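Residues per chain, in single letters:
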Amino acid sequence: MKITVRVWRQPNSQADGRMVSYEVDQVSEDMSFLEMLDVLNERLTHEGQDPIAFDSDCREGICGMCGVVINGEAHGPVQTTTCQLHMRSFKDGDEIDIEPWRAEGFPILKDLIVDRSAFDRIIQAGGYITAPTGAAPDAHAAPVPKNAADKAFDAATCIGCGACVAACPNGSAMLFTAAKITHLGLLPQGQPERDSRVLGMVAQHDEEGFGGCTNIGECAAVCPKEIPLETISRLNRDLLGALVRGDSN
Amino acid sequence: MTDSQAPTTPDPTLGVDADSLYVEGDAIADTKAPDGPIDAKWQQRIFSARLVNPANRRKLSVIVIGTGLAGASAAATLGESGMHVKSFCYQDSPRRAHSIAAQGGINAAKNYRNDGDSVYRLFYDTVKGGDYRSREDNVYRLAQTSTQIIDQCVAQGVPFAREYGGLLDNRSFGGVQVSRTFYARGQTGQQLLLGAYQALERQIAAGTVTMYTRHEMQELVIVDGRARGVIVRNMVTGELETHFADAVVLASGGYGNVFYLSTNAMGSNVTAAWRAHRKGALMANPCYTQIHPTCIPVAGDYQSKLTLMSESLRNDGRIWVPKRIEDCEKDPRDIAEEDRDYYLERIYPSFGNLVPRDIASRAAKYVCDEGRGVGPKVGDFRRGVYLDFSDALSRMTQAQIAAKYGNLFDMYERITGESPYQVPMRIYPAVHYVMGGLWVDYDLQSNIPGLYVTGEANFSDHGANRLGASALMQGLADGYFVLPNTIGDYLADGPFDALDESHPAAVEAKQAVQSRIDHLLSINGERTVDSIHKELGHIMWEYCGMERNEEGLRKAIGLIRELRTEFWTNVKVLGTNEELNQALERAGRVADFLELGELMCIDALHRRESCGGHFRSESQTEDGEALRHDDEYAYVAAWQFGGTDQPGDVGKPVLHKEDLTYKFIELKQRSYK
Amino acid sequence: MALKALMAVTGLFMVLFLILHVYGVLQAFGGREVYNAYATHLHQFGVPILHYNWFLWIIGVVLLIAVLGHIYAAAHLTVRDWRARTGAGRRYQTNKGRRGNQRSYASFTLRIGGVYLGLYVIFHLLNLTAGTIHPGGATPDPYQLLLNNFKVWWVVLIYTLGMIAVGFHLRHGVWSALTTLGAHTGLKARRRLNILAYILSFGIAIGFLLVPWAIVVGVIH
């Protein structure tokens, strides 16, 4: 099939950007979206043009590095990562608009590549359990009820891709933050730091310039790992509790 | 090191002068493992290794390259102990490391199932699985520390699967008879990595670790014989930065991408290890590569990577190809039962579809070479075989199958557009892991003082074949429990002399990187980096893949040399260095693969036996199994770089043999009867 | 951080008020005497502990504080959210997918609906509480005031639009407020919250709308 892509081109973080159209021929349905971009880039290189810069690594849907907004939807028309989107989701003659994640918290570096280090800083603010190497008790010392373990796992599958932010009309990273808070907050090992974790992470989230959550739900709708929206409510619960309790660890 | 000619027979029919492929140097040995009973060695080493004075710790600095399981755990642990750590990764965040993609599980000798598991049994299974080509001391220690790994991960909040009583669940894996694999549904790698990543982020917040994301190591800096720093390239601005430390740890992963198509991430590369190798670090057993039998086949020439499907599928699926070549284009559901060749069941009646990975992989290749492969053609051949669940679907309900394999079936359908519930899956073997890597001693230190290597980047624990669920175990063992205990012995003499960028070694290293970059950007030829990388991948897969032979390897070496010349004279890299330039990044990595590939072929050529993942067609049993020659080849082949500073000049590598002696295990021929 | 909680609490407080207010408004179906008696009762509530009209003033003041708190938090959060999504103007260049993936009309109209409601409330107070705006004719009789008002077509229109706005605003607002307070902990809870939001928003909107439209069609006279 033959498609036309309109891609955001921006040479660096200071420059202005704009949408540029390219035609791509001989696109096979079995190609992944990123392989289609690879094919386009090979042609651009042959023509002496700067290839389109985009992030990708594992191309298996687990590292969270790829991610673009396709026709206005984060990761495109299928609820999966961009690398797992295949061209059979499109038809011959389609026009596809491709843009980077847009949010105050995600400055654009080049073309479709954004800086997501804000996510790392949110984790630094409390998204961990303090367990220095060597200090751990036997693994069975604290049994974890199966449904808590399962729920914690569901929240722990977040890959940190940032689609939630890209889709949120408020540019909020609440789903990302809530996923980690829920994961660790459901486990017995996570209890001692439960208050400081939520206070720290939410404060960092706000400082990064992400917006506030109004429970619209676009985030969970595009999340490739289907992180449940209820994690945000759990975060709220922890947050109110921590604010009321006052002293943090 | 003396130069002595290795005994080789020149083959006049091929262009490559066989006599001059390599030379043999002095034998080497690990000097750090203490004597005595194997179960006491590690404790003894911990005691004999010198400790760093706690007051001195904050004066010491360590560089860690790579933030996967081995790198993140090491950086976090060293930071916790009070040292300054500088951590580097090429991705935008440490959490992207490819350890994240591991599916199956992590082994540990906890014996929670009370089924006869023990540290010794895990040690034994790992050595045997490695086809008796690993250093037994290192492997025993791996088994010993495995239990602590699980404790550490649980304490960090890794959400392992639990049973209803709240205790950890186990499963058995890869044909092993005990149930010792801990898992987190199909995402064990991700969850373990997140545990280490979170510990790393805690240290970054505490100020003990400084993280440099989007920074790629380009060169090692050696001062007075010690590894003292690295030159890294800031991938956003192109700036070359010099960083010094008292020790350097490479946790940079495996080199499977030398085959272009593998299950590795797009960015996985050998550059950090290879630059160290060029500076004198020995590269051990590079030809030991692991091929996984159940991956989704190549769909077209544009394919960028291969996706692994968990091996557990072979428990219920039946593998077959059509008996006749003309049936290969048909819809498999239209092929009658009697026209199907269930070749594994035919050739290996007792093991059937559950033969080990290397056997299954080779068998698939043979039927496809005969022209009986299925799926789309790639080049002249169809490269795929059927993994059929129709029998299982008639025995079990769809819900039962979904409970076992649902997420795998979904992933398959997303990628191929076909549903395994209705049509047989198509699979084909793919490169997955490399057992080879930089040589290290019992302390995980390379032959360059101050250069440590952990995780898949080193050669140490898996011999010629890695068991399932043990890669995760090794990365975390190295990073949490081994390196932090052994590096102290070296750092006890530190901190070493303070250095600054004007030191001649640093200036020279930076200059070398700069001129390499300038050169790559100036060639302005006709071929894209990817096209050369693909061609290298074809050569490697064809001649140094599942099955190797003398003629093919020699031919490959010739082809690689030509391709390398082509690269350095005809590659096209657009843009400049002073910007985010992904083509330039890839070019640097491919340049190193073009040198590694040749060494792998030389290594495979010189090892005239079959063991584990290295299969020489000239050395097999009557049943077609790998035939080892323990009398001649029970050693680690550690290669020393033989070329000059000039890019592309690899010269003649020097072979240093480390004899493998097994005092606590009896060598046996691997048997699947 | 606590601004969201402020929005939730003030919002729910106002919803509570609305429920009681619906009850009061529906007294109109009881006829002139019933309605006027109720109005008098409100003025006299709490006598002798509270003086005449104190009850209404207290409620009024508390509501005012809630409204101001709600508006303050809303304005502050809105500005912050606009900044977070790189400006109040166009975010993505593409014209596609601008409706979002699963957005309800209610969540889309939350802010603009809230602004309309604010203006509407001012009109409503001037209209039926202070009596300053009396399009149908002024009168001291509360029941008569109702009848006078809703004979005027644009008054009916303003109130109808207001009630539609209330319905949408509450549909998302109730669900969002309860989620913000931590009530959405699972699928079952989510279903219940949604049902509650529908009941409250529909109930209140329709409850209020019954009276003006009943006057229009002549059921109340």
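Nothing here was measured: the structure is a model prediction, and the numbers come from that model. (Residues numbered from 1 in each chain as written. Chains lettered and ligands numbered in written order. Predicted model: local features only at pLDDT ≥ 70, side-chain atom pairs only at ≥ 80, totals over all residues. Heavy atoms only, no water.)

**Some points on the overall build of chain B**
So, step 1. Across its full length, chain B holds 17 helices and 25 strands.
So, step 2. Relative to the globule expectation of 26 Å for 673 residues, the C-alpha radius of gyration of chain B, 24 Å, shows essentially globular dimensions.
So, step 3. Viewed in the frame of its principal axes, chain B has a C-alpha envelope of about 75 × 65 × 50 Å.
So, step 4. Taking all 673 residues of chain B together, the buried fraction comes to 66%. (Helix = DSSP H or I, 4+ residues; strand = E, 2+ residues; numbered from the N terminus. Rg over C-alpha atoms; globule rule 2.2 N^0.38 Å. Buried < 20%, exposed > 50% of the residue type's maximum accessible area, 1.4 Å probe, protein only.)

**A closer look at the interface of chain A and chain B**
So, step 1. Of the residues lining the interface, 74 residues belong to chain A; the matching set on chain B comes to 71 residues.
So, step 2. Ionic pairing is found between Arg214 of chain B and Asp55 of chain A, a salt bridge with its closest N-O pair at 2.9 Å.
So, step 3. Applying the counting rule to chain A against chain B returns 43 residue pairs in polar contact (both at pLDDT 80 or more).
So, step 4. Among the elements of the structure, helix H1 (33-46), strand E6 (108-110), strand E7 (113-114), helix H2 (117-124), helix H3 (146-156) and helix H5 (174-185) of chain A are those that each provide at least two residues to the side of chain A that touches chain B.
So, step 5. Of all the elements, H3 of chain A adds the most residues to the side of chain A that touches chain B, at 7 residues.
So, step 6. Residues that form the side of chain A that touches chain B fall into these classes: 36 nonpolar, 20 polar and 18 charged. (Contact = heavy atoms within 4.5 Å. Salt bridge = Lys/Arg side-chain N within 4 Å of Asp/Glu carboxyl O. Polar contact = N/O pair within 3.5 Å; in protein donor to acceptor, adjacent residues only side chain to side chain. Nonpolar A, V, L, I, M, F, W, Y, C, P; charged D, E, K, R; others polar.)

**Here we look at the UniProt feature "active site" (unreviewed entry) in chain B**
Residue and element names in this part refer to chain B.
So, step 1. Under the UniProt annotation, the feature "active site" (unreviewed entry) is placed at Arg357.
So, step 2. Within the secondary structure, Arg357 is located in helix H9 (residues 357-369).
So, step 3. The buried category is assigned to Arg357, whose relative accessible area is 11%. (UniProt positions renumbered as here; feature names shortened; annotations may be inferred.)

**Considering the interface of chain A and chain C**
So, step 1. Opposite the 51 residues of chain A that make contact, chain C presents 37 residues.
So, step 2. Summed over both partners, the interface of chain A with chain C buries about 3500 Å², with 49% contributed by carbon and sulfur atoms.
So, step 3. Its largest share of buried area at the contact with chain C, chain A owes to Arg102, Asn215 and Glu218 of chain A, together 15% of the area lost on that side.
So, step 4. In this structure, the salt-bridge partner of Asp206 of chain A is Arg80 of chain C, at a minimum N-O distance of 2.7 Å.
So, step 5. If you look at where chain A meets chain C, you find 35 residue pairs in polar contact (both at pLDDT 80 or more).
So, step 6. Listed by contribution, the elements that provide at least two residues to the side of chain A that touches chain C are strand E1 (3-9), strand E5 (95-99), helix H4 (163-167), helix H6 (194-207), helix H7 (218-222) and helix H8 (230-245) of chain A. (Buried area = accessible area lost by both parts, 1.4 Å probe.)

**Details of the nonpolar core**
So, step 1. Ranked by internal contacts, the top residues of the largest apolar core, which has 307 residues, are Val5, Phe33 and Met36 of chain A together with Ile106, Phe160, Leu250 and Phe567 of chain B.
So, step 2. Considering each element in turn, this core owes the most residues, 14 residues, to helix H16 (residues 582-606) of chain B.
So, step 3. Ignoring anything within four residues of it in the chain, the contact list for Met36 of chain A reads Ile3, Val5, Val24, Val27, Met31 and Met87 of chain A.
So, step 4. The next biggest cluster of nonpolar side chains, apart from the first, holds 7 residues, and it includes Tyr260, Val298, Leu308 and Ala430 of chain B. (Core = buried A, V, L, I, M, F, W, Y, C linked by side-chain atoms within 4.5 Å.)

**As for the UniProt feature "transmembrane region" (unreviewed entry) in chain C**
Residue and element names in this part refer to chain C.
So, step 1. The sites that UniProt annotates as "transmembrane region" (unreviewed entry) are residues 54-75, 108-133, 153-174 and 195-220.
So, step 2. Counting secondary structure, residues 54-75 comes out at 100% helix and 0% strand; the distance between its end C-alpha atoms is 31 Å.
So, step 3. End C-alpha atoms of residues 153-174 are separated by 31 Å, and the span's content is 100% helix alongside 0% strand.

**Things to note about the sheet that holds E5 of chain A**
Within a sheet, each strand pairs with its neighbour through backbone hydrogen bonds, oriented either parallel or antiparallel.
Residue and element names in this part refer to chain A.
So, step 1. With mixed pairing, 5 strands are arranged side by side in an open sheet as E2-E1-E5-E3-E4. What marks the edges here is a single partner per strand, and that holds for strand E2 (18-24) and strand E4 (73-74).
So, step 2. Summarising the sheet, strand E3 (residues 69-70) and E4 pair through 2 bridges and their orientation is antiparallel. Across the sheet, the residue bridging to Val69 is Ala74, located in E4.
So, step 3. Packing of H1 onto the sheet brings it into contact with E1, E2, E3 and E5, and relative to E2 it is tilted by some 90 degrees. (Pairing = 2+ DSSP bridges. Axes fitted to C-alpha atoms, helices over the stretch in contact; angles between N-to-C directions.)

**Things to note about the arrangement of the chains**
So, step 1. No other pair among the 2 pairs of chains in contact exceeds the contact count of chains A and B.
So, step 2. Between chain B and chain C there is no contact, and the shortest C-alpha to C-alpha separation is 19 Å.

**Some words on unusual backbone geometry**
So, step 1. Omega for the bond connecting Gly494 of chain B with Pro495 of chain B falls within 30 degrees of zero, at 0 degrees, which places this linkage in the cis form.
So, step 2. By secondary structure assignment, the location of Pro495 of chain B is in the loop between helix H12 (471-491) and helix H13 (504-523).
So, step 3. Residue Pro48 of chain C is reached from Val47 of chain C by a cis peptide bond, and omega for that bond is 5 degrees.
So, step 4. One non-glycine residue, Asn215 of chain A, lies in positive phi territory at about 55 degrees.
So, step 5. Relative to the elements of secondary structure, Asn215 of chain A occurs in the loop between H6 and H7.
So, step 6. Residue Arg214 of chain B is not a glycine yet carries a positive backbone phi of 50 degrees.

**So, the confidence of the model for chain B**
So, step 1. Residue-level pLDDT values for chain B average 91, and 96% of them are 70 or greater.
So, step 2. Within the model, pLDDT remains below 50 along residues 1-18 of chain B, and this stretch shows 32 contacts once partners closer than five positions in the same chain are excluded. (pLDDT = per-residue confidence, 0-100.)

**Topic: the packing of helix H6 (residues 188-206) of chain B against H12 of chain B**
Residue and element names in this part refer to chain B.
So, step 1. Running from amino to carboxyl end, H6 crosses H12 at an angle of 10 degrees, the nearest separation of the two axes being 11 Å. As summarised for this structure, H6 and H12 are arranged roughly parallel, according to the angle between their axes. Judged by residue contacts, Thr188, Gly189, Leu192, Gly195 and Ala196 of H6 engage Leu472, Leu476 and Tyr480 from H12.
So, step 2. Classifying every residue of the contact of H6 with H12 by side-chain character gives 5 nonpolar, 3 polar and no charged. (Parallel < 35°, antiparallel > 145°, perpendicular 65-115°, else oblique.)

**What about the pairing of strand E9 (residues 226-234) of chain B?**
All names here are of chain B.
So, step 1. Among the 9 residues of E9, 8 are classified as buried, and the element is accordingly described as predominantly covered.
So, step 2. Strand direction decides the pairing type here: strand E8 (residues 215-223) and E9, joined by 8 bridges, are antiparallel. Pairing of Val223 across the sheet is with Arg226, part of E9.
So, step 3. Adjacent in sequence and paired antiparallel, E8 and E9 are bridged by 2 residues, among which Asp224 carries a positive phi angle near 50 degrees.
So, step 4. As defined by bridge partners, E9 adjoins strand E10 (residues 240-244) across 5 bridges and the pair is classed as antiparallel. Bridge pairing in E10 places Gly229 opposite Phe244.
So, step 5. Between E9 and E10, which pair antiparallel and follow one another directly, the connecting turn spans 5 residues, one of which, Gly238, has a positive phi of 85 degrees.

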